[in-house]
Amino acid sequence: MVRLPYLTALTTLFSYGILFVFGHLRDFFRKIFDWSKSNNLQGYAPICLGYEDFYTRRLYLRIQDCFGRPISSAPDSWFDVVERYSNDNNKTLHRTEKTTKCLNLGSYNYLGFAAADEYCTPRVIESLKQYSVSTCSTRVDGGTTKLHTELEELVARFVGKPAAVLFGMGYVTNSAIIPALIGKGGLIISDSLNHNSIVNGARGSGATVRVFQHNNAPHLEEVLREQIAHGQPRTHRPWKKIIVIIEGIYSMEGELCKLPEIIAVCKKYKVYTYLDEAHSIGAVGQTGRGVCELLGVDTADIDIMMGTFTKSFGSCGGYIAASKEIIQHLKRTCPAHLYATSMSPPAVQQVISAMKVILGEDGTNRGAKKLAQIRENSNFFRSELQKMGFEVLGDNDSPIMPIMLYNPAKIPAFSRECLHQNVAIVTVAFPATPLLLARARICISAAHSREDLIKALEVISKVGDLVGIKYFPVEPVKPNKVKHLKKIE
Amino acid sequence: MALAMVNVTASVLDWASSYFDAPTRAVVFGVPIDGHLVVEALLVVVILFQLTRKSYKPPKKPLTEKEIDELCDDWVPEPLTPQITEDMTYEPPTLESAAGPHAIVNGKEVVNFASANYLGLVGNEKITDSCVGALEKYGVGSCGPRGFYGTIDVHLDCEQKIAKFLGTPDSILYSYGISTIFSVIPAFCKKGDIIVADEGVHWAVQNGLYLSRSTVVYFKHNDMKSLENKLEEVTRRSKHPEKVRRYIVVEAIYQNSGQIAPLDEIVRLKEKYRFRIILDESHSFGVLGNSGRGLADHCGVPIEKIDIITAGMGNALATDGGFCTGSVRVVDHQRLSSSGYVFSASLPPYLASAAIAAVDYLEENPSVLSKLRTNIATLFNELSDVPGLVLASHILSPIVFLKLKKSTGTGKTDIDLLDSIAKQALEEDSVLIATTKRSSLDKCKLPIGLRLFVSASHSESDLLKAAASLKRVAALVIS
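Here the structure is a predicted model, which is why all the values come from computation and not from measurement.

Visitor: So what's going on with the overall build of chain B? Residues and values would help.
Guide: Summing up its helical and strand segments, chain B has 16 helices and 16 strands in all. Taking the principal axes of its C-alpha atoms as reference, chain B extends roughly 130 × 55 × 55 Å. Here chain B holds 479 residues, and 54% of them are scored as buried. Considering only contacts within chain B whose residues lie at least 6 apart along the sequence, 68% involve residues at least 24 apart. Entry remark: accessible area of chain B is about 21,900 Å², with carbon and sulfur atoms responsible for 59%. When the 49 positive and 56 negative side-chain charges of chain B are each reduced to one mean point, those points stand 6 Å apart.

What follows is the structure in structure tokens.
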């Protein structure tokens, strides 16, 4: 939970206020100067009317160089960031040929499969030569290869459900599955901090959508009781079905969801549950099976489990795992299965190899080592940051750590200063987070070694002092404390 | 008698006037109390009394906890998915090799007409080599969205290459074919805007139109007269033309019917009524036009007149992903407000390098386009007399669409008939053909049929074999 001190809130509002005032002044002068220039739209309405893109033009463009930084190598623990320059005050950015080697604290590379791997890459290249880059066809026409069926069985076994179906992109999985499961006359209750793909899928389905407070099982129970008792709006007919949608790890908070309580509430009221494990599959849990394993929930209690392969498996695509009947139904009605090009075969092979490494079926124990490494790394990093006095969100064992910045001026300051010291950090502001709660988000990977983390901590501490984001008191260093530098190689 | 009445009235009036003209009876607190004051005081008292009475409303009784408990216990939800019956289970054919013109299905070699591999780039040596290089350098996935270190230099190179090839200022890459169009439309069309769309557009476009919450008007499939009528109607009814954005959404080659949109007509109408065009070129990029630049090249329309062009790269370019081009303003706007671009991981780098290699190949070998055109013409000719089926696609379209001459009555029996034709063609003659499958969420009403995707790498014998097989099987099944 974020504890926003009053003084910080006031200063942040004041900073945004100044930015808005300056933005409006500049707009005003722009209108005066453009009055003389002829309007060459000739009867068309402009693409953005009035103040729709005010935020983009006046606030985002000033700090545009902190986002969208191109890289020219694999997104491994160290990568090459391309340098960019601007001639017109950040409105347009141009690439140069020069690159800087930086420590990567921003990519979703939880188990270190992002770069070429000794087990996965030869197999991927072999499958590329056998099945070529793409099948150019949908899954139902002629795009199903042996690799796809093999991966579906493997995913079902890994997640712990009877059957699974694959899709080529995680975002499309959510947007196209939810309309196939529920339609008009149904109710979707989703967590207030759910991802944009779930929001789009819920909107596209035509069902009524209600929101419950983030991770708050008593509030969910209250909302459910009220909705079931009153029925559909205005007609008061009973709801056809109700689905509750939650995520395993919330990517902007780094928190795990309170799964046992929420599942208990859902079972009591006979509603269906949909769990989105985009960030947690493969990254948490004793054997990497996700948030169910970590929190001790039986997978049979959750109706539909969704996940993506982009984060922990270093590939692309998404999957849905559920009972055999649901999967059969989805294969017949889901538009993403019937109309979209099937997943690229080399990407499928990458997931198969990565899953085999995690399960230990490749004959080594690299998978178990990677899982232990990421857990160690996350817990170490988080505790050190908290000791330094930063405000860090998220639970233990979660590899995502947001550090609160709040003030809009600190966002570019933190980001640019860290880049000068060769550490690449991701900063997030409105509209991905609420206006006052800007943050820097760190993603730990199993590929980071202990030295990398210590260097990162040094740099972040120095920059944090410069920028002034150590909102909490620093823990006093206890004398004669022996630090255990346990490294698992 | 009358005199007596007059006297009585006069005396009453005298009494009344004397009463009212009498000097004031009392002086209370310096205020003389007249008769009318008493009446007014009584009125005020009555008004105040009525105001303090509660107005009549039926009493509100909220549900008690016990009642809510009972309602929750009584409520029975529908099952999440309907029951699966035996005939609903359908297993698609599983490929055991690359999806080229000849593929291996279930151990047998078949002629493959189910892959939209128009230029024959599946299995091309140069593309495979560039992918191997990219895989060794970048790994498979890009592990992040475009805004957070997911932008790799091959993405930027690919965007510039496509923009240069088409002649537009800039372009933007998406990570999946169908997510392109349903992210672009809501980025530009908001509530209150007007869209005129063809009724035969595919599901992804329909989803984009639904998510945009604009007013959508459909016109008859590929009918320019109907389009003109609808544009006229919409312009007449629209109140603030300067504040409302208006778009026409069409596809270059419709994948539900194989028709080609007449772009020069549409551009003429767009300029007359002041609309913008969103054109989906998934199946025409790399196919139509003398150099493969798409529908604008084919119809001789300058590319600047089309405002937004989107395309999926999973067809002619034989990779995955999609792109969108237009003016600089159009492309820049999407970098922050298109949900499929901002909130999703970027395209895997090896697919972007495959796209660059594919566009290079197309620039260097424009003869592959004429080979494709000859193949389409041959197949079209051969299939013009299949018993029971009639050709419904355009003569230049690489999607050759056959629909039933006479429907059997219900949609279900039609689908079963077509499925059995495709099944027999695969098992007996080793020809892999696709039937159109419609999702229950799809609102398109165009008839279903058989689709053959022609490729430039099909040989003449392949085409003749497919035509002969279809004629034989159709004669058997439709009798």
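Visitor: An account of the overall build of chain A is needed here, citing residue identities and associated values.
Guide: When helices and strands are tallied, chain A shows 15 helices and 13 strands. Relative to the globule expectation of 23 Å for 489 residues, the C-alpha radius of gyration of chain A, 24 Å, shows essentially globular dimensions. Along the three orthogonal principal directions, the C-alpha set of chain A runs to about 65 × 60 × 50 Å. Once local pairs closer than 6 in sequence are excluded, the contacts in chain A between residues at least 24 apart make up 71%. Summed over all atoms, the accessible surface of chain A reaches about 19,700 Å², with 55% contributed by carbon and sulfur.

Visitor: An account of the UniProt feature "transmembrane region" (unreviewed entry) in chain A is needed here, citing residue identities and associated values.
Guide: Within this numbering scheme, the UniProt entry marks residues 6–25 of chain A as carrying the feature "transmembrane region" (unreviewed entry). Between the C-alpha atoms that bound residues 6–25 of chain A there is a distance of 29 Å. The span itself is 100% helix and 0% strand.

Visitor: Describe the sheet that holds strand β16 (residues 449–453) of chain B, with residues and values.
Guide: Residues and elements named next belong to chain B. Strands sit in the order β12-β13-β16-β15 across an open sheet of four strands; the sheet is antiparallel. The sheet terminates laterally at β12 (389–391) and β15 (434–435), the two strands that pair on one side only. Two elements, β12 and strand β13 (residues 399–404), share three bridges in a ladder whose sense is antiparallel. Bridging across to β13, Leu391 finds its partner in Leu402.

Visitor: Mind laying out the sheet that holds strand β9 (residues 318–322) of chain A, listing which residues take part and the relevant values?
Guide: Residue and element names in this part refer to chain A. Across the sheet, seven strands lie side by side as β3-β9-β8-β7-β6-β4-β5; this open sheet has mixed pairing. Edge strands, defined here as strands with exactly one partner in the open sheet, are β3 (163–167) and β5 (208–212). With strand direction ignored, the average angle separating the axes of adjacent strands in the sheet is 20°. Here strand β6 (residues 242–247) runs beside strand β7 (residues 272–276); their pairing, made up of five bridges, is parallel. Note on β7: the bridge partner recorded for Ile243 is Tyr272. Along the sheet, helix α4 (residues 146–159) makes contact with β3, β8 (304–308) and β9, crossing β3 at roughly 125°.

Visitor: Just give me the short version of a positive patch on the surface, but keep the residues and values in it.
Guide: Residue and element names in this part refer to chain A. Taken together, the side chains of Arg26, Arg30, Arg62 and Lys91 present a region of like positive charge at the surface. Of note, Arg30 is situated in helix α1 (residues 6–36). Taking relative accessible area as the criterion, Arg30 reaches 46% and is therefore assigned partly exposed.

Visitor: Help me get a handle on the side chain of Asp442 of chain B, residues and values and all.
Guide: In this fold, Asp442 of chain B is placed in the loop between β15 and β16. No salt bridge is formed by the buried Asp442 of chain B; its nearest oppositely charged neighbour, Arg438 of chain B, is found at 4.0 Å. A distance of 3.1 Å separates the side chain of Asp442 of chain B from the backbone nitrogen of Cys444 of chain B, its partner in a polar contact. For Asp442 of chain B, the residues in contact, after removing those within four places along its chain, are Tyr339 of chain A together with Trp203 and Gln206 of chain B.

Visitor: An account of the pairing of strand β4 (residues 187–191) of chain A is requested, with residue identities and associated values reported.
Guide: Every other side chain in a regular strand lies on the same face of the sheet, so the side chains alternate between the two faces. Residues and elements named next belong to chain A. Most of β4 is tucked away, with five of its five residues classed as buried. Burial along β4 is two-sided: Leu187, Ile189 and Asp191 and Ile188 and Ser190, pointing in opposite directions, are all buried. Crossover β4 to β5 through helix α6 (residues 196–205) is right-handed. Pairing analysis gives four bridges linking β4 to β6, with the strands arranged parallel. Paired with Leu187 across the bridge in β6 is Ile242.

Visitor: Summarise the environment of Tyr16 of chain A; cite the residues concerned and give the values.
Guide: Within the secondary structure layout, Tyr16 of chain A lies in helix α1. Dropping the residues within four chain positions of it, Tyr16 of chain A is found in contact with Leu59, Pro408 and Leu435 of chain A.

Visitor: Account for α4 of chain A, with residues named and values stated.
Guide: All names here are of chain A. The first and last C-alpha atoms of α4 sit 20 Å apart over 14 residues, in line with the 20 Å expected at 1.5 Å per residue. Listing the buried residues of α4 in full gives Leu147, His148, Leu151, Glu152, Leu154, Val155, Ala156, Phe158 and Val159. Buried residues along α4 sit in contact with α3 (120–131), β3, β8, β9, α10 (324–333) and α12 (345–359). Gly160, located one to two residues past α4, shows a positive phi value of around 100°.

Visitor: Can you break down the pattern of salt bridges residue by residue, with the values?
Guide: Summed over all chains, the structure comprises 39 salt bridges over all chains. For Glu361 of chain A, the salt bridge identified is with Arg157 of chain A, shortest N-O distance 3.0 Å. Placement of Glu361 of chain A in the loop between α12 and α13 (366–388) and of Arg157 of chain A in helix α4 is noted, with a sequence separation of 204 residues between them. For Glu253 of chain A, the salt bridge goes to Arg439 of chain A, with nearest N and O atoms at 3.2 Å. Taken together, the residues span a long stretch of sequence, with Glu253 of chain A in the loop between β6 and α8 (259–268) and Arg439 of chain A in strand β13 (residues 439–443) at a distance of 186 residues. Of the residues examined, Glu253 of chain A reaches a relative accessible area of 12% and is grouped as buried. Bridged by salt links that share partners, the residues Arg146, Glu159, Asp170 and Arg335 of chain B form one connected network.

Visitor: Hey, could you go over unusual backbone geometry for me, with residue numbers and the actual values?
Guide: All names here are of chain B. Phi is positive for Asn106, which is not a glycine, with a value near 55°. Tracing the sequence through the fold places Asn106 in the loop between β3 (102–105) and β4 (108–112). The exposed category is assigned to Asn106, whose relative accessible area is 60%. In this structure, Asn222 takes a positive phi of about 60° despite not being glycine. Along the chain, Asn222 turns up in the loop between β7 (215–219) and α8 (224–237).

Visitor: Just give me the short version of the interface of chain A and chain B, but keep the residues and values in it.
Guide: Facing the 107 residues of chain A at the interface are 105 residues of chain B. Area buried by chain A at its contact with chain B is led by Tyr44, Ile47 and Tyr339 of chain A, which between them contribute 9% of it. Put simply, chain A and chain B have five salt bridges between them. Linking chain A with chain B are 33 residue pairs in polar contact (both at pLDDT 80 or more). For the side of chain A that touches chain B, the leading source of residues is helix α5 (residues 170–181) of chain A, giving seven residues. Looking at side-chain class alone, the side of chain A that touches chain B contains 55 nonpolar, 36 polar and 16 charged residues.

What counts, and where the lines are drawn
- Residues numbered from 1 in each chain as written.
- Chains lettered and ligands numbered in written order.
- Predicted model: local features only at pLDDT ≥ 70, side-chain atom pairs only at ≥ 80, totals over all residues.
- Heavy atoms only, no water.
- Helix = DSSP H or I, 4+ residues; strand = E, 2+ residues; numbered from the N terminus.
- Buried < 20%, exposed > 50% of the residue type's maximum accessible area, 1.4 Å probe, protein only.
- Contact = heavy atoms within 4.5 Å.
- Areas by Shrake-Rupley, 256 points an atom, 1.4 Å probe, with all protein chains shown as cover.
- Lys, Arg positive; Asp, Glu negative; His and termini not counted.
- Charge placed at Lys NZ, Arg CZ, Asp CG, Glu CD.
- Rg over C-alpha atoms; globule rule 2.2 N^0.38 Å.
- UniProt positions renumbered as here; feature names shortened; annotations may be inferred.
- Pairing = 2+ DSSP bridges.
- Axes fitted to C-alpha atoms, helices over the stretch in contact; angles between N-to-C directions.
- Patch = residues over 30% accessible without salt bridge, like charges linked within 9 Å, V, L, I, M, F, W, Y side chains within 5 Å.
- Salt bridge = Lys/Arg side-chain N within 4 Å of Asp/Glu carboxyl O.
- Polar contact = N/O pair within 3.5 Å; in protein donor to acceptor, adjacent residues only side chain to side chain.
- Right-handed = clockwise from strand over helix to strand, strands pointing away.
- Expected span 1.5 Å × (residues − 1).
- Buried area = accessible area lost by both parts, 1.4 Å probe.
- Nonpolar A, V, L, I, M, F, W, Y, C, P; charged D, E, K, R; others polar.

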